[in-house]
Amino acid sequence: MIDSLREELCAHGRRVVETGLVLGTSGNLSARSGDLVAVTPAGAALDRLAPADCPVLDLAGHVVDGDAQPSSETPMHLAVYAATDAGAIVHTHSTFGTVVATTLTELPPIHYNTLLLGGVVRVAPYRTYGTAELAAAVRAALEGRSAALLANHGGVTIGRDLAEAFERARLLEWLCEVYVRARAIGEPRALTAEELDAVLQRMAHAPEFPRR
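Residues numbered from 1 in each chain as written. Predicted model: local features only at pLDDT ≥ 70, side-chain atom pairs only at ≥ 80, totals over all residues. Heavy atoms only, no water.

J.: I'd like a rundown of the environment of V138, residues and numbers included.
T.: One can find V138 in helix α4 (residues 132-141). Along the primary structure V138 and D58 are separated by 80 residues, whereas in three dimensions their C-alpha atoms are 20 Å apart. Leave out the neighbours within four places in its chain, and V138 touches M76, V80, A124, L150 and V156. (Helix = DSSP H or I, 4+ residues; strand = E, 2+ residues; numbered from the N terminus. Contact = heavy atoms within 4.5 Å.)

This is the structure in structure tokens:
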């Protein structure tokens, strides 16, 4: 299973680069199998990874396989795994997500697809990258959600697997782009709590909408 997760990390590493969600060596991904976590290595271009490049850690952060240094954001990944049932995490420095994260304390629900991420996307307060303080801030921002933005930094999405976490990262970036572009022509109208609740009621009986 771990070998399979390492291969998936490489495949989705290429996808986050190809879709513009990360640039250069920014961003990181991980996937969990039981008490083990495979994570992308520190300082590596995500579109050039080989499975053996991805270290495997236990949930305490000890490397159990691999020679490369784990991503500097490993404390954040482990904190999220400790607090959720996530099977994978995608952390990006996408353009529109970072723009929103430098200006707002939350992403307003300007489209009902916000609900596919669990509701209004919170912006975790700025903390230095790679620290326990950032890990705690992100964990809090993700409570009840599958996506969060990191102030002056980027975004994080979680999923049952890497495919789901990646699609949520794409959705988060799309929502941020819609908001930023809407601000160029006026003040975007956020959906009300009543409007969002009506969508939730409809989604409960609509198989075309994936559950968060």
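J.: Please give an account of the nonpolar core that cites residues and values.
T.: V100, L107, L117, V121, L149, L172 and C176 are the most contacted members of the largest nonpolar core, which totals 22 residues. Only α3 (95-101), β7 (121-124), β8 (147-150), α5 (162-183) and α6 (193-203) provide two or more residues apiece to this core. In terms of residue count, α5 provides more of this core than any other element does, five residues in total. Grouped together as the second largest cluster of nonpolar side chains are 21 residues, I2, L5, A38 and A165 included. (Core = buried A, V, L, I, M, F, W, Y, C linked by side-chain atoms within 4.5 Å. Buried < 20%, exposed > 50% of the residue type's maximum accessible area, 1.4 Å probe, protein only.)

J.: Can you explain unusual backbone geometry? Please cite residues and give values.
T.: Notably, N152 is not glycine yet its phi reads approximately 55°, a positive angle. Within the secondary structure layout, N152 lies in the loop between β8 and β9 (154-159).

J.: With reference to specific residues and values, describe the pairing of β8.
T.: Both faces of β8 are covered, namely the face carrying A147 and L149 and the face carrying A148 and L150. Two strands pair when backbone bridges link them, and β7 and β8 are joined in this way by two bridges, in the parallel orientation. Counted as the bridge partner of V123 is L149 from β8. This β-α-β element, β7 to α4 to β8, shows right-handed connectivity. Bridging between β8 and β9 involves four bridges; their strand directions are antiparallel. Of the residues in β9, the one forming a bridge with L150 is G154. Hairpin geometry of β8 and β9 is characterised by an intervening segment of three residues between the two adjacent antiparallel strands and by a positive phi of about 55° at N152. (Pairing = 2+ DSSP bridges. Right-handed = clockwise from strand over helix to strand, strands pointing away.)

J.: Can you lay out the pattern of salt bridges for me, pointing to particular residues and giving the numbers?
T.: On inspection of all chains with the given rule, the structure shows ten salt bridges. Across the pair R48 and D47 runs a salt bridge whose closest N-O atoms are separated by 4.0 Å. Overall, R48 belongs to the exposed group, its relative accessible area being 69%. Between R170 and E167 there is a salt bridge; the shortest N-O distance is 3.1 Å. Here E167 and R170 lie together in helix α5, a separation of three residues that amounts to about one turn. The exposure class assigned to R170 is partly exposed, which follows from its relative accessible area of 40%. Ionic contacts of the salt-bridge type, sharing partners, join the residues D3, R6 and D65 into one network. (Salt bridge = Lys/Arg side-chain N within 4 Å of Asp/Glu carboxyl O.)

J.: Account for the side chain of E73, with residues named and values stated.
T.: The topology assignment puts E73 in the loop between β4 (63-65) and α2 (74-83). Look at E73: it is buried, it has no salt bridge, and the nearest opposite charge is R127 at 12 Å. Among all residues touching E73, those that are not within four sequence positions of it are N28, H91, Y129, G130, L134 and H153. (Lys, Arg positive; Asp, Glu negative; His and termini not counted.)

J.: An account of the packing of helix α1 (residues 2-18) against α5 is needed here, citing residue identities and associated values.
T.: Packing of α1 against α5 brings their axes to within 10 Å, and their N-to-C directions diverge by 15°. Overall, the two elements α1 and α5 adopt an arrangement that is roughly parallel. Here α1 runs over α5; the crossing is right-handed. Judged by residue contacts, L5, E8, L9, H12, R15 and V16 of α1 engage L162, A163, F166 and E167 from α5. Its residues assigned to classes, the contact of α1 with α5 shows six nonpolar, one polar and three charged. (Axes fitted to C-alpha atoms, helices over the stretch in contact; angles between N-to-C directions. Parallel < 35°, antiparallel > 145°, perpendicular 65-115°, else oblique. Left-handed = near helix turned anticlockwise from the far one by under 90°. Nonpolar A, V, L, I, M, F, W, Y, C, P; charged D, E, K, R; others polar.)

All we've got here are geometric facts, nothing functional implied.
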